[in-house]
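Fold and contact review
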Amino acid sequence: MSLTPGPLERLNRARADLRVGLPVVLTDGAEVALVAAAETLDADRLAAIRALGQPVVALTAHRAATLKARAYDGDLARILLPKGEGVAWIEALADPADDLTHPMKGPLLSQREGRADLHRAALRLVKSAQLLPAALVVTGVTAPEGLTQLSAAETATPETRLTPVIAARLPMRLAGAGRLHVFRPEDGGIEHYAVEVGRPMRDTPVLARLHSACFTGDVLGSLKCDCGPQLHAALSAMHEAGSGVLLYLNQEGRGIGLANKMRAYSLQDQGFDTVEANHRLGFEDDERDFRLGAELLRKMGFSQVRLLTNNPRKVAMLQKGGIEVVARVPLQVGLTDENAAYLATKAAKSGHLL
Ligand SMILES: Nc1nc2c(ncn2[C@@H]2O[C@H](COP(=O)(O)OP(=O)(O)OP(=O)(O)O)[C@@H](O)[C@H]2O)c(=O)[nH]1
Ligand SMILES: [Zn+2]
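Residues numbered from 1 in each chain as written. Chains lettered and ligands numbered in written order. Predicted model: local features only at pLDDT ≥ 70, side-chain atom pairs only at ≥ 80, totals over all residues. Heavy atoms only, no water.

**Overview of the sheet that holds strand β3 (residues 56-60)**
Consider a sheet: its strands pair through backbone hydrogen bonds, and that pairing is either parallel or antiparallel. The sheet built from six strands is open, its strands ordered β4-β3-β5-β2-β1-β6 with mixed pairing. Every interior strand has two partners, whereas the edge strands, β4 (76-80) and β6 (149-151), have only one. Averaged over all pairs of adjacent strands, the angle between their axes in this sheet comes to 30°, without regard to strand direction. When strand β1 (residues 24-27) meets β6, the two strands line up parallel, connected through three bridges. Considered in β6, the bridge of leucine 26 is made with leucine 150. Against the sheet, helix α1 (residues 7-19) engages β1, β2 (32-37) and β6, with an angle of about 120° to β6. (Pairing = 2+ DSSP bridges. Helix = DSSP H or I, 4+ residues; strand = E, 2+ residues; numbered from the N terminus. Axes fitted to C-alpha atoms, helices over the stretch in contact; angles between N-to-C directions. Contact = heavy atoms within 4.5 Å.)

**Section: the nonpolar core**
Buried together is how nonpolar side chains tend to be arranged in soluble globular proteins. Within the largest apolar cluster, 32 residues are counted, with the highest numbers of intra-cluster contacts made by Ile79, Trp89, Ile90, Leu93 and Leu136. Among the secondary structure elements, those contributing two or more residues to this core are β2, α2 (43-50), β3, β4, α4 (87-94), β5 (134-139), α9 (257-269) and α10 (274-281). Looking at which element gives the most residues to this core, the answer is α4, with four residues. Other than its neighbours up to four places away in sequence, isoleucine 90 contacts Ala38, Leu41, Leu46, Val57, Leu81 and Leu136. Judged by nonpolar contacts, the second largest core, of 24 residues, contains Val56, Leu118, Ala121 and Leu150. (Core = buried A, V, L, I, M, F, W, Y, C linked by side-chain atoms within 4.5 Å. Buried < 20%, exposed > 50% of the residue type's maximum accessible area, 1.4 Å probe, protein only.)

**Examining the coordination of the zinc ion (ligand 2)**
Taken together, the protein donors to the zinc ion (ligand 2) comprise Cys214 (SG), Cys225 (SG) and Cys227 (SG), at separations of 2.1 to 2.2 Å. Sequence positions of the residues that donate to the zinc ion (ligand 2) give the spacing C-x10-C-x1-C. Here cysteine 225 lies in the loop between α6 (215-219) and α7 (227-241) and cysteine 214 lies in the loop between β10 (206-212) and α6, a separation of 11 residues in the sequence. You'll find cysteine 214 and cysteine 225 in the same group, each marked buried. (Donors = N, O, S within 2.8 Å, 3.2 Å for Na, K, Ca; no water.)

**Brief notes about unusual backbone geometry**
Phi is mostly negative for residues that are not glycine, and the peptide bonds are mostly trans. We note that glutamine 130 has phi near 60°; this positive angle belongs to a residue other than glycine. Along the chain, glutamine 130 falls in the loop between α5 (117-128) and β5. In this structure, arginine 254 is a non-glycine residue whose phi angle is positive, near 55°. Residue class for arginine 254 comes out buried when judged on its relative accessible area of 16%.

**Points about the packing of α1 against α5**
When two helices pack together, their arrangement is given by the angle between the helix axes and by the axis-to-axis distance. One way to put it is that α1 packs onto α5 with a least axis distance of 9 Å and a crossing angle of 75°. When the axes of α1 and α5 are compared, the pair comes out roughly perpendicular. Only Leu125, Val126 and Ser128 of α5 make contact with α1, whose side of the interface consists of Leu11, Ala14, Arg15 and Leu18. Across the contact of α1 with α5, the residue classes break down as five nonpolar, one polar and one charged. (Parallel < 35°, antiparallel > 145°, perpendicular 65-115°, else oblique. Nonpolar A, V, L, I, M, F, W, Y, C, P; charged D, E, K, R; others polar.)

**A closer look at the sheet that holds strand β13 (residues 324-329)**
The strand order across the open sheet formed by seven strands is β7-β8-β9-β11-β10-β12-β13, and the pairing between neighbours is mixed. What marks the edges here is a single partner per strand, and that holds for β7 (162-169) and β13. Each strand axis lies, on average, 25° off the axis of its neighbour in the sheet, ignoring direction. As paired elements, strand β9 (residues 192-197) and strand β11 (residues 244-249) share five bridges and run antiparallel to each other.

Structure, rendered in C-alpha coordinates:
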(Lines give C-alpha, C1' and ligand atoms only; values in the text may rest on other atoms or scores of the structure.)
(Ligands and ions follow the chains in the order given, each with its own letter.)
Protein backbone atom coordinates (compact mmCIF):
# COMPACT_ATOMS: atom_id res chain seq x y z
CA MET A 1 0.00 0.00 0.00
CA SER A 2 1.21 3.47 -0.88
CA LEU A 3 2.15 5.87 1.91
CA THR A 4 0.41 8.75 0.15
CA PRO A 5 -2.93 9.72 1.76
CA GLY A 6 -6.02 8.54 -0.16
CA PRO A 7 -9.25 10.55 -0.73
CA LEU A 8 -10.89 9.65 2.61
CA GLU A 9 -7.72 10.38 4.53
CA ARG A 10 -7.38 13.75 2.80
CA LEU A 11 -11.06 14.49 3.51
CA ASN A 12 -10.45 13.83 7.19
CA ARG A 13 -7.33 16.01 7.13
CA ALA A 14 -9.20 18.81 5.38
CA ARG A 15 -11.85 18.85 8.11
CA ALA A 16 -9.19 18.99 10.83
CA ASP A 17 -7.30 21.75 8.95
CA LEU A 18 -10.41 23.91 8.63
CA ARG A 19 -11.23 23.44 12.30
CA VAL A 20 -7.82 24.84 13.34
CA GLY A 21 -8.06 27.73 10.89
CA LEU A 22 -5.87 26.36 8.10
CA PRO A 23 -7.08 26.83 4.51
CA VAL A 24 -7.41 23.88 2.13
CA VAL A 25 -7.27 23.66 -1.66
CA LEU A 26 -10.24 22.48 -3.75
CA THR A 27 -9.98 21.59 -7.42
CA ASP A 28 -12.38 20.33 -10.07
CA GLY A 29 -10.42 20.09 -13.27
CA ALA A 30 -11.55 23.54 -14.43
CA GLU A 31 -10.54 25.61 -11.42
CA VAL A 32 -8.42 25.73 -8.28
CA ALA A 33 -9.71 27.47 -5.13
CA LEU A 34 -8.34 28.27 -1.73
CA VAL A 35 -10.94 27.71 0.99
CA ALA A 36 -11.01 28.76 4.65
CA ALA A 37 -13.79 28.32 7.21
CA ALA A 38 -15.29 31.69 8.20
CA GLU A 39 -15.61 30.58 11.81
CA THR A 40 -11.90 29.90 12.38
CA LEU A 41 -10.38 32.64 10.21
CA ASP A 42 -7.93 35.09 11.78
CA ALA A 43 -6.64 38.44 10.50
CA ASP A 44 -3.19 37.16 9.47
CA ARG A 45 -4.62 34.32 7.42
CA LEU A 46 -7.15 36.68 5.86
CA ALA A 47 -4.35 39.03 4.78
CA ALA A 48 -2.45 36.11 3.22
CA ILE A 49 -5.59 34.93 1.42
CA ARG A 50 -6.31 38.44 0.11
CA ALA A 51 -2.86 38.56 -1.44
CA LEU A 52 -3.98 35.71 -3.73
CA GLY A 53 -7.06 37.42 -5.19
CA GLN A 54 -10.57 38.72 -4.49
CA PRO A 55 -12.22 36.54 -1.82
CA VAL A 56 -15.95 35.82 -1.67
CA VAL A 57 -17.86 34.42 1.28
CA ALA A 58 -19.91 31.37 0.31
CA LEU A 59 -23.15 31.11 2.29
CA THR A 60 -26.07 28.70 1.98
CA ALA A 61 -29.31 30.06 0.51
CA HIS A 62 -30.92 29.79 3.96
CA ARG A 63 -28.32 32.10 5.52
CA ALA A 64 -28.41 34.41 2.49
CA ALA A 65 -32.21 34.72 2.81
CA THR A 66 -31.84 35.75 6.44
CA LEU A 67 -29.32 38.42 5.40
CA LYS A 68 -31.50 39.45 2.42
CA ALA A 69 -28.62 38.71 0.05
CA ARG A 70 -29.24 37.41 -3.48
CA ALA A 71 -28.50 33.70 -3.97
CA TYR A 72 -27.89 33.63 -7.74
CA ASP A 73 -26.55 30.09 -7.53
CA GLY A 74 -29.83 28.69 -6.15
CA ASP A 75 -28.67 26.77 -3.11
CA LEU A 76 -25.89 29.21 -2.22
CA ALA A 77 -24.70 32.79 -2.48
CA ARG A 78 -21.20 34.16 -3.14
CA ILE A 79 -20.85 37.48 -1.32
CA LEU A 80 -17.98 39.75 -2.37
CA LEU A 81 -15.69 40.72 0.49
CA PRO A 82 -15.46 44.55 0.38
CA LYS A 83 -11.96 46.10 0.46
CA GLY A 84 -12.44 47.79 3.81
CA GLU A 85 -13.96 44.85 5.68
CA GLY A 86 -12.18 42.16 7.68
CA VAL A 87 -12.63 39.23 10.01
CA ALA A 88 -15.40 40.81 12.09
CA TRP A 89 -17.49 41.43 8.97
CA ILE A 90 -17.02 37.82 7.80
CA GLU A 91 -17.96 36.57 11.25
CA ALA A 92 -21.15 38.64 11.23
CA LEU A 93 -22.06 37.15 7.84
CA ALA A 94 -21.52 33.64 9.15
CA ASP A 95 -22.96 33.86 12.64
CA PRO A 96 -26.55 35.01 13.25
CA ALA A 97 -25.97 35.69 16.97
CA ASP A 98 -26.10 39.48 16.54
CA ASP A 99 -28.49 39.64 13.56
CA LEU A 100 -31.19 41.32 15.62
CA THR A 101 -29.10 43.56 17.85
CA HIS A 102 -26.57 44.66 15.19
CA PRO A 103 -28.11 44.02 11.75
CA MET A 104 -25.52 44.01 8.96
CA LYS A 105 -25.45 47.17 6.89
CA GLY A 106 -26.06 46.28 3.27
CA PRO A 107 -26.14 46.07 0.47
CA LEU A 108 -24.37 42.73 0.32
CA LEU A 109 -23.08 42.22 -3.20
CA SER A 110 -23.61 38.71 -4.52
CA GLN A 111 -21.45 37.49 -7.35
CA ARG A 112 -23.41 36.38 -10.38
CA GLU A 113 -20.87 35.48 -13.03
CA GLY A 114 -18.65 32.42 -12.89
CA ARG A 115 -19.21 28.95 -11.52
CA ALA A 116 -20.17 28.01 -7.98
CA ASP A 117 -19.13 24.34 -7.97
CA LEU A 118 -16.08 24.80 -5.74
CA HIS A 119 -18.04 27.10 -3.41
CA ARG A 120 -20.69 24.38 -3.08
CA ALA A 121 -17.99 21.83 -2.25
CA ALA A 122 -16.47 24.29 0.25
CA LEU A 123 -19.78 24.62 2.09
CA ARG A 124 -20.21 20.84 2.16
CA LEU A 125 -16.75 20.56 3.67
CA VAL A 126 -17.17 23.16 6.44
CA LYS A 127 -20.54 21.64 7.34
CA SER A 128 -19.00 18.20 7.60
CA ALA A 129 -16.36 19.72 9.91
CA GLN A 130 -19.35 20.83 12.08
CA LEU A 131 -18.41 24.48 11.65
CA LEU A 132 -20.80 27.28 10.68
CA PRO A 133 -21.75 26.86 7.01
CA ALA A 134 -19.77 29.82 5.66
CA ALA A 135 -16.50 29.68 3.77
CA LEU A 136 -14.05 32.22 2.40
CA VAL A 137 -13.16 31.22 -1.15
CA VAL A 138 -10.63 32.60 -3.66
CA THR A 139 -10.69 31.01 -7.10
CA GLY A 140 -8.10 31.04 -9.85
CA VAL A 141 -5.17 30.56 -7.48
CA THR A 142 -2.02 28.50 -7.82
CA ALA A 143 -2.23 25.95 -5.01
CA PRO A 144 0.24 26.95 -2.27
CA GLU A 145 2.60 24.22 -1.04
CA GLY A 146 1.80 22.23 2.06
CA LEU A 147 -1.99 22.62 2.13
CA THR A 148 -4.37 19.66 2.00
CA GLN A 149 -5.76 19.30 -1.49
CA LEU A 150 -9.07 17.68 -2.47
CA SER A 151 -11.17 17.47 -5.58
CA ALA A 152 -14.73 18.79 -5.31
CA ALA A 153 -16.04 15.25 -5.88
CA GLU A 154 -14.00 14.03 -2.91
CA THR A 155 -15.88 16.36 -0.53
CA ALA A 156 -19.12 14.43 -1.14
CA THR A 157 -19.41 12.26 1.93
CA PRO A 158 -19.59 8.67 0.70
CA GLU A 159 -21.63 6.09 2.58
CA THR A 160 -19.72 5.69 5.82
CA ARG A 161 -18.01 2.34 6.12
CA LEU A 162 -17.99 1.25 9.73
CA THR A 163 -15.55 -1.16 11.31
CA PRO A 164 -16.55 -3.01 14.49
CA VAL A 165 -13.95 -2.20 17.15
CA ILE A 166 -15.08 -4.05 20.27
CA ALA A 167 -18.20 -5.38 22.01
CA ALA A 168 -18.61 -6.19 25.68
CA ARG A 169 -21.31 -7.18 28.15
CA LEU A 170 -23.25 -4.32 29.70
CA PRO A 171 -25.92 -4.79 32.35
CA MET A 172 -28.37 -1.84 32.30
CA ARG A 173 -30.82 -0.54 34.88
CA LEU A 174 -33.67 -0.17 32.39
CA ALA A 175 -32.83 -2.85 29.85
CA GLY A 176 -31.25 -5.68 31.84
CA ALA A 177 -28.52 -7.76 30.22
CA GLY A 178 -27.01 -6.38 27.05
CA ARG A 179 -23.91 -5.77 24.95
CA LEU A 180 -22.42 -2.50 23.79
CA HIS A 181 -20.74 -2.51 20.36
CA VAL A 182 -18.46 0.32 19.22
CA PHE A 183 -18.10 1.05 15.49
CA ARG A 184 -15.46 3.31 13.94
CA PRO A 185 -16.06 5.09 10.62
CA GLU A 186 -13.44 4.56 7.95
CA ASP A 187 -13.21 8.32 7.30
CA GLY A 188 -11.87 9.01 10.79
CA GLY A 189 -15.14 10.59 11.97
CA ILE A 190 -16.74 10.15 15.37
CA GLU A 191 -17.60 6.61 16.57
CA HIS A 192 -21.15 5.27 16.79
CA TYR A 193 -22.57 2.69 19.19
CA ALA A 194 -25.06 -0.16 19.08
CA VAL A 195 -26.66 -1.54 22.23
CA GLU A 196 -28.02 -5.05 21.99
CA VAL A 197 -30.66 -5.73 24.64
CA GLY A 198 -30.99 -9.43 25.51
CA ARG A 199 -30.11 -11.70 22.63
CA PRO A 200 -32.03 -10.45 19.59
CA MET A 201 -32.61 -13.06 16.86
CA ARG A 202 -31.39 -12.29 13.36
CA ASP A 203 -34.16 -14.18 11.52
CA THR A 204 -37.18 -12.33 12.99
CA PRO A 205 -37.92 -8.55 13.00
CA VAL A 206 -36.08 -6.92 15.90
CA LEU A 207 -37.45 -4.04 18.00
CA ALA A 208 -35.06 -1.24 17.02
CA ARG A 209 -34.40 2.42 17.75
CA LEU A 210 -32.17 4.85 15.86
CA HIS A 211 -31.34 7.41 18.51
CA SER A 212 -29.41 10.56 17.60
CA ALA A 213 -27.11 11.86 20.31
CA CYS A 214 -28.47 14.67 22.43
CA PHE A 215 -26.02 15.64 25.17
CA THR A 216 -28.49 18.08 26.68
CA GLY A 217 -31.44 15.66 26.72
CA ASP A 218 -29.73 12.29 27.17
CA VAL A 219 -27.19 13.32 29.80
CA LEU A 220 -28.39 16.54 31.40
CA GLY A 221 -32.12 15.79 31.40
CA SER A 222 -32.93 18.97 29.47
CA LEU A 223 -36.62 19.78 29.32
CA LYS A 224 -36.30 21.47 25.90
CA CYS A 225 -36.63 18.19 23.98
CA ASP A 226 -37.92 14.64 24.43
CA CYS A 227 -34.64 12.77 23.77
CA GLY A 228 -33.86 11.56 27.31
CA PRO A 229 -37.34 10.10 27.94
CA GLN A 230 -37.33 8.54 24.44
CA LEU A 231 -33.96 6.90 25.08
CA HIS A 232 -35.12 5.46 28.38
CA ALA A 233 -38.54 4.40 27.05
CA ALA A 234 -36.87 2.60 24.14
CA LEU A 235 -34.57 0.66 26.46
CA SER A 236 -37.51 -0.26 28.71
CA ALA A 237 -39.62 -1.35 25.72
CA MET A 238 -36.80 -3.61 24.52
CA HIS A 239 -36.46 -5.11 27.99
CA GLU A 240 -40.20 -5.77 28.05
CA ALA A 241 -40.12 -7.28 24.56
CA GLY A 242 -37.29 -9.58 25.66
CA SER A 243 -34.76 -8.14 23.21
CA GLY A 244 -33.94 -5.25 20.90
CA VAL A 245 -31.23 -3.12 19.38
CA LEU A 246 -30.64 0.58 20.03
CA LEU A 247 -28.29 2.44 17.72
CA TYR A 248 -26.77 5.48 19.40
CA LEU A 249 -25.70 7.63 16.47
CA ASN A 250 -23.38 10.52 17.26
CA GLN A 251 -25.33 13.02 15.19
CA GLU A 252 -25.69 15.65 17.89
CA GLY A 253 -28.16 18.44 17.09
CA ARG A 254 -29.64 16.65 14.05
CA GLY A 255 -26.16 16.48 12.57
CA ILE A 256 -24.89 20.04 13.16
CA GLY A 257 -22.87 19.31 16.31
CA LEU A 258 -23.29 20.59 19.85
CA ALA A 259 -21.69 24.02 19.29
CA ASN A 260 -24.11 24.78 16.45
CA LYS A 261 -27.05 23.30 18.39
CA MET A 262 -26.27 25.69 21.23
CA ARG A 263 -26.13 28.53 18.68
CA ALA A 264 -29.60 27.37 17.62
CA TYR A 265 -30.78 27.32 21.24
CA SER A 266 -29.51 30.85 21.68
CA LEU A 267 -31.57 31.91 18.64
CA GLN A 268 -34.56 30.06 20.09
CA ASP A 269 -34.16 32.28 23.15
CA GLN A 270 -34.58 35.22 20.75
CA GLY A 271 -37.95 33.80 19.69
CA PHE A 272 -37.19 31.59 16.67
CA ASP A 273 -38.45 28.00 16.53
CA THR A 274 -36.18 24.97 16.07
CA VAL A 275 -36.49 24.97 12.26
CA GLU A 276 -36.11 28.76 11.84
CA ALA A 277 -33.04 28.71 14.10
CA ASN A 278 -31.33 26.07 11.93
CA HIS A 279 -32.15 28.06 8.79
CA ARG A 280 -30.85 31.35 10.19
CA LEU A 281 -27.58 29.55 10.91
CA GLY A 282 -27.53 28.37 7.31
CA PHE A 283 -28.36 24.72 7.93
CA GLU A 284 -31.21 22.55 6.69
CA ASP A 285 -33.60 21.69 9.52
CA ASP A 286 -32.17 18.15 9.56
CA GLU A 287 -28.60 17.45 8.43
CA ARG A 288 -28.43 13.81 9.55
CA ASP A 289 -27.26 11.04 7.27
CA PHE A 290 -29.47 8.08 8.10
CA ARG A 291 -27.64 5.74 5.70
CA LEU A 292 -25.50 5.17 8.77
CA GLY A 293 -28.31 3.38 10.65
CA ALA A 294 -28.98 0.96 7.81
CA GLU A 295 -25.28 0.23 7.44
CA LEU A 296 -24.95 -0.51 11.17
CA LEU A 297 -27.98 -2.81 11.23
CA ARG A 298 -26.75 -4.69 8.17
CA LYS A 299 -23.29 -5.02 9.73
CA MET A 300 -24.88 -6.57 12.81
CA GLY A 301 -26.85 -9.06 10.75
CA PHE A 302 -30.32 -7.46 11.08
CA SER A 303 -32.50 -7.13 7.98
CA GLN A 304 -36.00 -6.58 9.44
CA VAL A 305 -36.98 -4.14 12.20
CA ARG A 306 -39.94 -2.89 14.16
CA LEU A 307 -38.82 0.72 14.43
CA LEU A 308 -39.50 2.86 17.50
CA THR A 309 -39.95 6.35 16.04
CA ASN A 310 -42.33 9.19 15.21
CA ASN A 311 -40.17 10.28 12.27
CA PRO A 312 -41.28 8.92 8.86
CA ARG A 313 -37.91 9.96 7.35
CA LYS A 314 -36.15 7.40 9.50
CA VAL A 315 -38.47 4.69 8.16
CA ALA A 316 -37.95 5.77 4.55
CA MET A 317 -34.16 6.05 4.87
CA LEU A 318 -33.82 2.62 6.49
CA GLN A 319 -35.88 1.06 3.74
CA LYS A 320 -33.76 2.80 1.13
CA GLY A 321 -30.73 1.35 2.90
CA GLY A 322 -32.02 -2.19 2.48
CA ILE A 323 -33.62 -2.71 5.89
CA GLU A 324 -37.25 -3.81 5.90
CA VAL A 325 -39.32 -1.83 8.39
CA VAL A 326 -42.19 -4.24 9.12
CA ALA A 327 -43.80 -1.83 11.61
CA ARG A 328 -43.40 1.69 12.98
CA VAL A 329 -43.85 1.70 16.75
CA PRO A 330 -44.73 5.21 18.07
CA LEU A 331 -42.54 6.59 20.85
CA GLN A 332 -44.41 9.44 22.47
CA VAL A 333 -43.02 10.21 25.90
CA GLY A 334 -41.57 13.12 27.83
CA LEU A 335 -43.96 15.93 26.89
CA THR A 336 -43.26 18.96 29.11
CA ASP A 337 -44.38 22.59 29.16
CA GLU A 338 -40.90 23.52 27.93
CA ASN A 339 -40.85 21.20 24.91
CA ALA A 340 -44.51 21.36 23.79
CA ALA A 341 -43.81 24.08 21.20
CA TYR A 342 -40.66 22.25 19.98
CA LEU A 343 -42.62 19.01 19.41
CA ALA A 344 -45.46 20.92 17.74
CA THR A 345 -42.95 22.56 15.36
CA LYS A 346 -41.44 19.18 14.46
CA ALA A 347 -44.94 17.90 13.67
CA ALA A 348 -45.95 20.98 11.67
CA LYS A 349 -42.69 21.59 9.76
CA SER A 350 -40.63 18.39 9.77
CA GLY A 351 -43.33 15.77 9.21
CA HIS A 352 -43.14 14.13 12.63
CA LEU A 353 -46.20 12.14 13.62
CA LEU A 354 -47.85 13.05 16.88
N1 LIG B 1 -30.50 21.53 15.63
C2 LIG B 1 -31.25 21.18 16.67
N3 LIG B 1 -31.19 19.90 17.10
C4 LIG B 1 -31.97 19.54 18.12
C5 LIG B 1 -32.83 20.45 18.77
N6 LIG B 1 -33.45 19.79 19.78
C7 LIG B 1 -33.01 18.51 19.72
N8 LIG B 1 -32.13 18.35 18.74
C9 LIG B 1 -31.46 17.14 18.24
O10 LIG B 1 -32.44 16.41 17.54
C11 LIG B 1 -32.10 15.04 17.53
C12 LIG B 1 -33.33 14.24 17.94
O13 LIG B 1 -33.08 12.96 17.62
P14 LIG B 1 -34.14 11.76 17.59
O15 LIG B 1 -35.05 11.84 18.77
O16 LIG B 1 -33.32 10.53 17.38
O17 LIG B 1 -34.91 11.97 16.23
P18 LIG B 1 -36.29 12.50 15.79
O19 LIG B 1 -36.13 13.05 14.42
O20 LIG B 1 -36.88 13.38 16.83
O21 LIG B 1 -37.19 11.19 15.59
P22 LIG B 1 -37.86 10.22 16.66
O23 LIG B 1 -37.42 10.63 18.00
O24 LIG B 1 -37.37 8.87 16.23
O25 LIG B 1 -39.32 10.35 16.45
C26 LIG B 1 -30.89 14.91 18.45
O27 LIG B 1 -29.71 14.83 17.65
C28 LIG B 1 -30.90 16.21 19.25
O29 LIG B 1 -29.60 16.61 19.66
C30 LIG B 1 -32.86 21.79 18.31
O31 LIG B 1 -33.62 22.64 18.77
N32 LIG B 1 -32.06 22.10 17.26
ZN1 LIG C 1 -32.74 16.29 22.68
